[in-house]
Amino acid sequence: MNTLGCQMSPPSTSSSSPLDTCSSPPPRTLLPWRPPSSCRGGGPTWDPPEEGFQGLGVILTLLHMLAIPRDEGAQVTLLSPTQLKEKFPWINTEGVAVASYGLEDEGWFDPWTLLNAFRRKATSLGVQSCSGEVRAFVTSANYMTPPAPSSARIKYVHVYMPDSLEYQPVACAIVVNAAGAWAGKLLEAEGLPRALCRPPLPIQPRKRYVFTWHCPNGPGLSCPFLVDTSGAYFRRDGFGGNYLGGMSPPEEEEPDPSDLSVDHDYFQEQVWPRLARRVPAFESLRVRGSWAGYYDYNTFDQNGVLGPHPRLENLFSAAGFSGHGLQHAPAAGRAVAELVVKGRYETLDLRRLGWDRLVDGEPLQEHGVV
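Residues numbered from 1 in each chain as written. Predicted model: local features only at pLDDT ≥ 70, side-chain atom pairs only at ≥ 80, totals over all residues. Heavy atoms only, no water.

Topic: the sheet that holds strand S8 (residues 154-160)
Okay, so step 1: Read across the sheet, three strands follow the order S7-S8-S9 without closing on themselves; strand pairing throughout is antiparallel. The strands lining the two open edges of the sheet, one partner per strand, are strand S7 (133-139) and strand S9 (167-171). Taken over all neighbouring pairs, the strand axes of this sheet differ in orientation by 25° on average, direction set aside.
Okay, so step 2: The pairing of S7 with S8 spans six bridges and is antiparallel. When the bridges of S8 are listed, Glu133 appears paired with Tyr160. (Pairing = 2+ DSSP bridges. Helix = DSSP H or I, 4+ residues; strand = E, 2+ residues; numbered from the N terminus. Axes fitted to C-alpha atoms, helices over the stretch in contact; angles between N-to-C directions.)

What about the confidence of the model for the protein chain?
Okay, so step 1: Scored by pLDDT, the protein chain has a mean of 85; 80% of the residues are at 70 or more.
Okay, so step 2: Of the regions scoring below 50 in pLDDT, residues 24-30 engages in 27 contacts with residues more than four places distant in sequence or in other chains. (pLDDT = per-residue confidence, 0-100. Contact = heavy atoms within 4.5 Å.)

Some details on the pattern of salt bridges
Okay, so step 1: Tallied over the full model, the rule gives 10 salt bridges.
Okay, so step 2: Salt-bridge contacts for Asp259 lead to Lys207; the nearest nitrogen and oxygen are separated by 3.5 Å. Of this pair, Asp259 sits in the loop between strand S14 (242-246) and helix H4 (264-278) while Lys207 sits in strand S11 (residues 203-214), and the two are 52 residues apart along the sequence.
Okay, so step 3: With a relative accessible area of 4%, Lys207 lands in the buried category.
Okay, so step 4: A salt bridge links Asp301 to Arg357; its shortest N-O distance comes to 2.5 Å. (Salt bridge = Lys/Arg side-chain N within 4 Å of Asp/Glu carboxyl O. Buried < 20%, exposed > 50% of the residue type's maximum accessible area, 1.4 Å probe, protein only.)

Points about unusual backbone geometry
Okay, so step 1: Residue Pro199 follows Arg198 across a cis peptide bond; omega there is 0°.
Okay, so step 2: Structurally, the position occupied by Pro199 is in the loop between helix H3 (183-186) and S11.
Okay, so step 3: The phi dihedral of Asp163 falls on the positive side, at around 60°, and the residue is not glycine.
Okay, so step 4: Counting through the fold element by element, Asp163 comes out in the loop between S8 and S9.
Okay, so step 5: Even without being glycine, Gln302 reaches a positive phi, approximately 65°.
Okay, so step 6: Counting through the fold element by element, Gln302 comes out in the loop between strand S15 (286-298) and strand S16 (305-308).

Structural data, given as structure tokens:
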């Protein structure tokens, strides 16, 4: 059986994962929580990352209570403003009702290192990787006469190689759409019957900025990954008073995603005042750098779309995690693999992340996007 995975290109400016900040786990996850042992030395079945998991915790400063996944085994405690101030004296607790603090197996990791570890292991198991652009499909509907069929199978995918005007038709039994921010656009490609691509996949690229700065008097080595009530976030970036962070803009102020230029005024006017309010030491800092990347943003409910397409019988999706993609990747990858090989979920029942909610118009809202 030939399985074709339509993924983002290898490291490039269009990729999301290498540009992320990657805390783990996210504020509210619909995937059952599991300790990220794969980020701390790996296990006997795969090659561990060269740079490990930084287990210094994640703090969420909350205006109100959120669902905390303690019933899934996450070691999370809730801190009052007084308790928060005692544990982290550098925090200004004004406006905080309660803080969620991860006690173990939370922190951050280097996304590009982890992604390469997954890639190396897949290659060692016989996966063949080809870098190209999918521009067209050939389906069983192309060989049918009217009336239009109610479903179809993808027979071939046209893959254009870099710096070439020619394409290679690739026969496939299974197609997995893991094209990240362009997963929605991929299903608009030539050859896919428009009537069968309903509902559309509501995933689009959203540009996000990450800024780095130096503050010699900032939080020390025990500084966790902090997500503020305002939506601003930061974490320590190595040693010596270096930090990185950012903030998602409101819907009505989304930046143009056509390029990855950075709006430096956004840090000065929006991010910095919020950070300095929560961490007074940040009132004096020096910006060192910045970059921009893409979220594969699900405009319907900000949750991933996982599983089989309702009308394209051999198409599976794994995209739309809206900034949580690499954190969810091990669970999502296992789930799709089980669907492909076994025809059903076995380890995790993730049917509620499937296409049915799009068909029925019933969002499964994710409120923890930062």
